[in-house]
Amino acid sequence: MDYSSFLAPPHPVIVGHRGDPARHRENSLAGIIAGLGADGAVEIDARLTADGHLVLSHDPDFGGLTVAQTSWSELAGLDERLSLLDEAVSIPGRLDIEIKNSPLEPGFDDRGVLARMVASRARPGDIVTSFYWPDLTHIRQSRASVATGLLVAEGGSAPDALLFAAGAGHALVAAHDSLIDEALVGKASRIGVSIAAWTVNDLARARDLSRWGVAAIISDHPHAIVAALGPGRVDGRPGTEAP
């Protein structure tokens, strides 16, 4: 299965968290462009408006409005305008597109409509991720060429996620940084699943993760992490290290 370039070396890929939030509003086009300037990869959050537009917003509410219950024309009229996913995919670079779909939030979709819509926008080299794993099952069944990744929150079981990912054809497990240690990264390598850590802003921690061989580090400060690790980095394979 070809997962294209999102996880291509050098490893770890440094991924801007919601763009480049230390410099720009998260999930904004300016932030996405700035974040891509660090290592060519950013993570963004996709939600569905009441009238079926895919917009970028981490939270269910934006500007005092509930995204899932508001039309795009209303959201577009706010002083700070949400970006559209279609605008983001027009920018060259690698995107980790997180599907924001939770049973605890307005607009929850248990039929996979949002997941399939997001996957239809994913380009070669992008990856689609979610905390709600059934969404990724829908994608694997309908668009098997799209790379998918499981998200695991603090307190979750990263080992269980690895086993599930290996059996279901998911390329990546992106786990809260507190769940990741060297043994977990080694296990991931043995079963053929990549590991990403989020959200990592400590330079010493980033160096440890790189040495252990994680595939990606998601950070609020992607430029600083790239500068700390250097352009070659450690690629995670035994016996190999960039000069």
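Residues numbered from 1 in each chain as written. Predicted model: local features only at pLDDT ≥ 70, side-chain atom pairs only at ≥ 80, totals over all residues. Heavy atoms only, no water.

Engineer: Any details on the nonpolar core? Residues and values, ideally.
Structural biologist: By size, the foremost hydrophobic cluster in this structure holds 50 residues, and its most contacted members are Ile32, Ile44, Leu85, Val173 and Ile180. Top contributing element to this core by residue count: helix H4 (residues 113-121), with five residues. Within the second largest apolar cluster, 15 residues are counted, among which are Leu7, Val15, Leu151 and Ala174. (Core = buried A, V, L, I, M, F, W, Y, C linked by side-chain atoms within 4.5 Å. Buried < 20%, exposed > 50% of the residue type's maximum accessible area, 1.4 Å probe, protein only. Helix = DSSP H or I, 4+ residues; strand = E, 2+ residues; numbered from the N terminus.)

Engineer: Summarise helix H6 (residues 158-168); cite the residues concerned and give the values.
Structural biologist: Because an α-helix packs 3.6 residues into every turn, residues spaced three or four apart end up facing the same way. Looking at H6, one finds that the buried residues are Ala158, Ala161, Leu162 and Ala165. Each buried residue of H6 sits inside an arc of 105° when the element is viewed along its axis, so together they form one side. Looking at the buried residues of H6, the elements they touch are helix H5 (133-142), strand E9 (147-152), strand E10 (172-176), helix H7 (182-191) and strand E11 (194-198). (Arc of directions from axis to C-beta. Contact = heavy atoms within 4.5 Å.)

Engineer: Can you tell me about the confidence of the model for the protein, naming the residues and giving the values?
Structural biologist: Averaged over every residue, the pLDDT of the protein is 93; residues scoring 70 or more account for 94%. For residues 235-243, every residue scores under 50 in pLDDT, and the model assigns this stretch seven contacts once sequence neighbours within four places are set aside. (pLDDT = per-residue confidence, 0-100.)

Engineer: Go over the pairing of E10, please, and point to the residues and values.
Structural biologist: With respect to burial, E10 is a largely interior element, five of its five residues being buried. Note: E9 against E10, four bridges, orientation parallel. Bridging across to E10, Leu151 finds its partner in Ala174. Relative to E11, E10 runs parallel, the two sharing five bridges. When the sheet's bridge partners are listed, His176 is paired in E11 with Trp198. Each parallel crossover has a hand, and for E10 linked through H7 to E11 it is right-handed. (Pairing = 2+ DSSP bridges. Right-handed = clockwise from strand over helix to strand, strands pointing away.)

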